[in-house]
Structure formats: structure tokens, C-alpha cells
Amino acid sequence: MLPSHLNGHSPLARRPRLSAATGDTPASVPAAGDAALEAHDRVYFQSYSHIGIHEAMIKVVMDVGCGTGILSVFCARAGAKRVYAVDASEIATQASEIVKANNLADKIVVIHGRVEDVEVEEKVDVIISEWMGYMLLYESMLPSVLFARDKWLKPGGLILPSHATLFMAPITNSDRYEGSVDFWCDVYGINMSALVPLAKFFASEEPSIELIGGENVISWPFVVKHIDCYTFTVEEFKSVATTYKVSSMMLAPIHGFGLWFEVEFNGPAESSQNLSSESKPVDIIRKKRSRGSDNTVVLSTAPEDEPTHWHQTIFYFSDPIEVTQDQIIEGSVMISPSEENPRCLNIHLVCFTGGQTLVRDFAMR
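Before going into details, it helps to say that this report is about the structure given with it. (Residues numbered from 1 in each chain as written. Predicted model: local features only at pLDDT ≥ 70, side-chain atom pairs only at ≥ 80, totals over all residues. Heavy atoms only, no water.)

1. Let's talk about the sheet that holds strand 5 (residues 153-160)
Okay, so step 1: In space, the 5 strands of this open sheet follow the order 3-2-1-4-5, with parallel pairing throughout. Each edge of the open sheet is held by one strand with a lone partner, namely strand 3 (108-112) and strand 5. For this sheet, the mean angle separating the axes of adjacent strands, direction not counted, is 20°.
Okay, so step 2: The pairing of strand 2 (residues 82-87) with strand 3 spans 5 bridges and is classified as parallel. Bridge pairing in strand 3 places Val 86 opposite Ile 111.
Okay, so step 3: Across the face of the sheet, helix 4 (residues 91-101) comes into contact with strand 2 and strand 3 while running at roughly 165° to strand 3. (Pairing = 2+ DSSP bridges. Helix = DSSP H or I, 4+ residues; strand = E, 2+ residues; numbered from the N terminus. Axes fitted to C-alpha atoms, helices over the stretch in contact; angles between N-to-C directions. Contact = heavy atoms within 4.5 Å.)

2. Side note on the sheet that holds strand 9 (residues 240-247)
Okay, so step 1: Strand order in the open sheet made by the 4 strands is 9-13-14-15, with antiparallel pairing throughout. Where the open sheet ends on each side, the last strands, each with one partner, are strand 9 and strand 15 (356-364). Shown here is a sheet whose adjacent strand axes are inclined to one another by a mean of 15°, direction ignored.
Okay, so step 2: Note: strand 9 against strand 13 (residues 328-337), 8 bridges, orientation antiparallel. Bridging from a neighbouring strand, Ala 241 pairs with Met 334 of strand 13.

3. Details of the environment of Gly 267
Okay, so step 1: Position of Gly 267 among the secondary structure elements: in the loop between strand 10 (252-265) and helix 9 (281-290).
Okay, so step 2: Spatially, the C-alpha atoms of Gly 267 and Ile 159 are 7.3 Å apart, while their sequence positions differ by 108 residues.
Okay, so step 3: Excluding residues within four positions of it along the chain, Gly 267 makes contact with Leu 158, His 163 and Tyr 230.

4. Comments concerning the side chain of Asp 228
Okay, so step 1: Mapped onto the fold, Asp 228 is located in strand 8 (residues 222-228).
Okay, so step 2: Buried and unpaired, Asp 228 has Arg 149 as its nearest opposite-charge partner, separated by 6.8 Å.
Okay, so step 3: Beyond its immediate chain neighbours, meaning those up to four positions away, Asp 228 contacts Ser 162 and His 163. (Buried < 20%, exposed > 50% of the residue type's maximum accessible area, 1.4 Å probe, protein only. Lys, Arg positive; Asp, Glu negative; His and termini not counted. Salt bridge = Lys/Arg side-chain N within 4 Å of Asp/Glu carboxyl O.)

5. Here's the deal with the packing of aromatic side chains
Okay, so step 1: Under the counting rule described, the total for this entry stands at 7 aromatic pairs.
Okay, so step 2: Arranged with centres 6.3 Å apart and planes meeting at 15°, the rings of Tyr 134 and Tyr 138 form a pair that is stacked. A single burial state applies to Tyr 134 and to Tyr 138, both of which are buried.
Okay, so step 3: Plain terms: the ring middles of Phe 257 and Phe 317 are 6.0 Å apart, the flat faces sit at 55° to each other, and that makes the pair tilted. Of this pair, Phe 257 sits in strand 10 while Phe 317 sits in strand 12 (residues 312-323), placing them 60 residues apart in sequence. No difference in accessibility class separates Phe 257 from Phe 317, as the two residues are buried.
Okay, so step 4: Taken together, the ring pairs in this structure connect Phe 222, Tyr 244, Phe 257 and Phe 317 into an aromatic cluster. (Phe/Tyr/Trp six-rings, centres within 6.5 Å; stacked < 30°, edge-to-face > 60°.)

6. Description of unusual backbone geometry
Okay, so step 1: In this structure, the amide linkage connecting Leu 160 to the following residue, Pro 161, adopts the cis form with an omega of -5°.
Okay, so step 2: One non-glycine residue, Glu 139, lies in positive phi territory at about 55°.
Okay, so step 3: Along the chain, Glu 139 turns up in the loop between strand 4 (124-128) and helix 5 (142-152).
Okay, so step 4: The backbone phi angle of Asp 326 is positive, close to 75°, even though this residue is not glycine.
Okay, so step 5: Tracing the sequence through the fold places Asp 326 in the loop between strand 12 and strand 13.

7. Focus: the nonpolar core
Okay, so step 1: Counting residues in each nonpolar core, the largest one holds 83 residues, and the members touching the most others are Met 62, Leu 136 and Ile 335.
Okay, so step 2: The element contributing the most residues to this core is strand 10, with 7 residues.
Okay, so step 3: Not counting residues up to four positions away in its chain, the partners in contact with Ile 335 are Met 135, Leu 137, Leu 166, Val 224, Lys 238, Ser 239, Val 240, Leu 259, Leu 345, Asn 346 and Ile 347.
Okay, so step 4: Counting 10 residues, the second-largest nonpolar core is a separate cluster that includes Phe 167, Val 223, Trp 260 and Ile 314. (Core = buried A, V, L, I, M, F, W, Y, C linked by side-chain atoms within 4.5 Å.)

By themselves, these are just geometric observations and shouldn't be taken as functional.
Structure (C-alpha cells):
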């Protein structure tokens, strides 16, 4: 296999997170020297700590996949009477120590176990969880959150985050392609183009988790799925599919498709305008602009927003497809959990444009 620094592809690693839903060892966090991600950490924690706006409603809270317990601490400090912090991994031991170190043992009950297996003696007013994975759904704990909702949430209770939207758009990234594929055509004056087919294979073999900018996105994004955590079902999670039709905003090669997401922190009836796969670009723009005039708290992983530890998820093609401005790009995408491991994903992508057809299957393992 080509070295990752030469093929331009970052191997898919377990996402950095504050919580662990299974017995996996928690992953390491990105390097502390990454100033952009440090700035994101402030946005991330502010999004969750904004639970204070619901302080008057907080009585009993369940933190699903509590990890270090930091979200549970936010809740306790916001006035929660009791917090059940549930985690299946060994980090629950450290969470207990953190709770004690912050003199909150009388408010926070750390429970070591899967949320599907533990017992809690009372209903809860709020469920909070950092359940989102790469491209929202990879290694997602959403099914566990839905289980907790159906078993323990009181009528009219809160789920935070409450709503999530997965976006997708064609992207261009010539620097990445040149660095991972064209590089082999001339390596210090040596023609190594025999390696180009292999380089193309490794560059597009599996989804890449990386940061791109708004300048890499060549059309308005389309909505793959909007999730209302108050009504979404596990059955719906088994297959997420949509068709799309977008128009290129520039003359450029399409190197693949990028996915990102945003989540909102709202009550059951407070979601800003819901987006669906039929949403038009103007609807997406209107929704973003309306945030300045309401109390909606949003955590976004979009390319044009502050970088996050989720980055963006990119499905690269083996060969780019040239498009002109206003050229129609259409097709379909289907995302489904792997039968071997439901926390992994299979993605089926179809793209038609300019008389060309591309059909690709990707796996996130």
C-alpha cells in the first residue's frame, strides 16, 4: 500500500469524541497545536453548555454515552436535580472521579453499562448526548438515544441535540488529486506513471475524513436526511436514501462528493424550518440567515463554518469528471448500516452528468 502521506488519503480512523457508546477505548483528540480546532472546541462546548437556556425546565437528565462526563457536569451546573451519566466503556471510571473532583456526586449518578441494559428508577426530563459520528451516521449512537427516549423520557421532555441534517454536494479538490495521483507521473524526474492506477485505487478506495473549504464545493448542497430526534425511529435508520439534482456553479472537475451535518438544540415544537431532500437552495440559505433572529443554537460542520473534529467526509472518484458552469449533476445516494456491524456504513452513490454515468459503492469500516 502507498504511504498515506504520498497517496493523499488519511485512513479512516475512529472519530475523536467525548463519549464512547461501546467498550472501545476512547480515541485520541487532534493535536493541541491545531488552532482552528481549538477554536472549534469553544463552539462545541458553547453549543452544549447553552442548555442553560432551558434551565427552568431541567429536573432530571440522562446523558447517553457520557464519556468523561463533561456534559453531565454542564447539566448539573445548569440546575439539574439529578443526572444519570451512562457509558458502556471503562471511561465511566474516570467520569466518576471527575464528578467527585467537582463536588457533584450528590447530583450526578455515573452508570457503567449500555443504555439498553441499565436500569434507572425514574423518568427523565432531558436526554443529552453527543451521538453524532463522521457524516453524522458513522458509529452513531442515535439508536441508543432513541431507545432512551422511548423508555425514559417524560412526555414533553427535551432531547439535545434535537434535530440533525445531513448535507451533500459535489466537490473539486485538484491539489489533493495532484498530490496523490499526478505526483507519480514525475517523481524527481523519474517517470513512475505505472503506479498511477494503483494510486487512483488507494485514493478512492474508502471515504476520506478531511477538511475542505467552501471554495471546494461546486454546487449548492442538497439534503440527504433531516432527523427529528423526537419522532425519528430505528426503522428509518436502517436505510437513508434520496435522489438529487444540482447545478454546477463553476467550470471545474468533480473529484467526488462531500458530506457534512449540522445539529440544532431545540424543543419538540421549536425546530427552525425543517429541511428535506426536496428543499431548494433558497430554503437552505433562508434557514441559515434566520438564525440571527431567533434563539436556535446550531453546531455546524459545514466547509464554510469553523472546522470541527468531525471534519467533512469525502467520497473521491478514481477519475475526475469535468463539468461546465450551470451543468446539471444528478443521481441518488443510499446509506445503510453494515449487516456485520450496524455502526459501520455502506454507501451506494450514483451520478449522471454530461452524458457520463458513475456508480460507486463505498464502505466506512
